[in-house]
Amino acid sequence: MLKEKLQELNELISMYKTIASTKPQIVNGNFIKVGSAEYILANGKTIKREEIIKNGGRSSASIILPITENKEIILIVQPRVFTKLGVGVELPAGYIDAYEIGKMAALRELKEETGYVPKKIIKVGEYYQDQGCSRALNECFVAFGCQKQKKRNLDDDEFISEFLCNYDELLELMDMNYICDAGSIITIEKAKKYLKKL
């Protein structure tokens, strides 16, 4: 990767890094709740399990690997306060609302977070976020021929920048642990057969 590209990314990381935080308090809050239930297994045993319930029960998400007409991949840089850097370099993603299917959420999130609209979008896979304590099922998409058409429409608590790179740079960013979230890594892996053609 060119030094200038890496410097640009490091500047974005510095800009989005969390400076300070208050001491965490454990709460059964508005966004995350913990449910508990007993389940009877096929062998007749009963087990008790806790479930993480996010976003009012709508915790499944869409992750999008957007490719521009110039064959650049769109990443986003945003605060991720629980990471080592305090910042995430990742693919656009977002929760699937109750009225949506995964593809609708992918198109909506891509437009909201980046302003880009694709000519074509395909689903390349899905995976559970953490099947030991959540029913959240993430869907992975590749969006082709993305063009900047709209202004971003960020939520009040979103603070995001875009970062464009080519396929080789994308893999390099994964190797260097800039991209280290499960959603991005799994989506990139599931999309490799499409990316190798870039």
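Throughout what follows, the structure given in this document is the object of discussion. Since the structure is predicted, the reported quantities are computational estimates derived from the model, not experimental observations. (Residues numbered from 1 in each chain as written. Predicted model: local features only at pLDDT ≥ 70, side-chain atom pairs only at ≥ 80, totals over all residues. Heavy atoms only, no water.)

**Overview of the side chain of Lys5**
Note that Lys5 resides in helix 1 (residues 3–16). Here Lys5 is buried and forms no salt bridge, its nearest opposite-charge partner Glu169 lying at an N-O distance of 4.2 Å. The contact partners of Lys5, leaving out residues within four places of it in the chain, are Phe163, Leu164, Cys165 and Glu169. (Helix = DSSP H or I, 4+ residues; strand = E, 2+ residues; numbered from the N terminus. Buried < 20%, exposed > 50% of the residue type's maximum accessible area, 1.4 Å probe, protein only. Lys, Arg positive; Asp, Glu negative; His and termini not counted. Salt bridge = Lys/Arg side-chain N within 4 Å of Asp/Glu carboxyl O. Contact = heavy atoms within 4.5 Å.)

**Looking at the pattern of salt bridges**
In this structure the tally under the stated criterion is eleven salt bridges. Here Arg108 ties to Glu100 by a salt bridge, and the two come within 2.6 Å at their closest N and O atoms. Residue Glu162 pairs with Lys148 through a salt bridge whose shortest N-O separation is 2.6 Å. One end of the pair, Glu162, is in strand 10 (residues 161–165); the other, Lys148, is in strand 9 (residues 137–148), and 14 residues separate them in sequence. Residue classification places Glu162 among the partly exposed positions, given a relative accessible area of 23%. Linked by salt bridges that have partners in common, Asp97, Glu100, Arg108, Glu109 and Glu112 make up one network.

**Here we look at the environment of Cys165**
Here Cys165 shows up in strand 10. Apart from residues no more than four positions distant in its own chain, Cys165 is found in contact with Lys5, Glu72, Ile73, Leu75, Leu170 and Leu173.

**Description of the environment of Ala61**
Summarising the element assignment, Ala61 is placed in strand 3 (residues 61–68). Residue classification places Ala61 among the buried residues on the basis of a relative accessible area of 8%. A C-alpha to C-alpha distance of 8.6 Å links Ala61 and Asp97, two positions 36 residues apart in sequence. Not counting residues up to four positions away in its chain, the partners in contact with Ala61 are Gly94, Tyr95, Ile96, Gln129, Leu137, Asn138 and Glu139.

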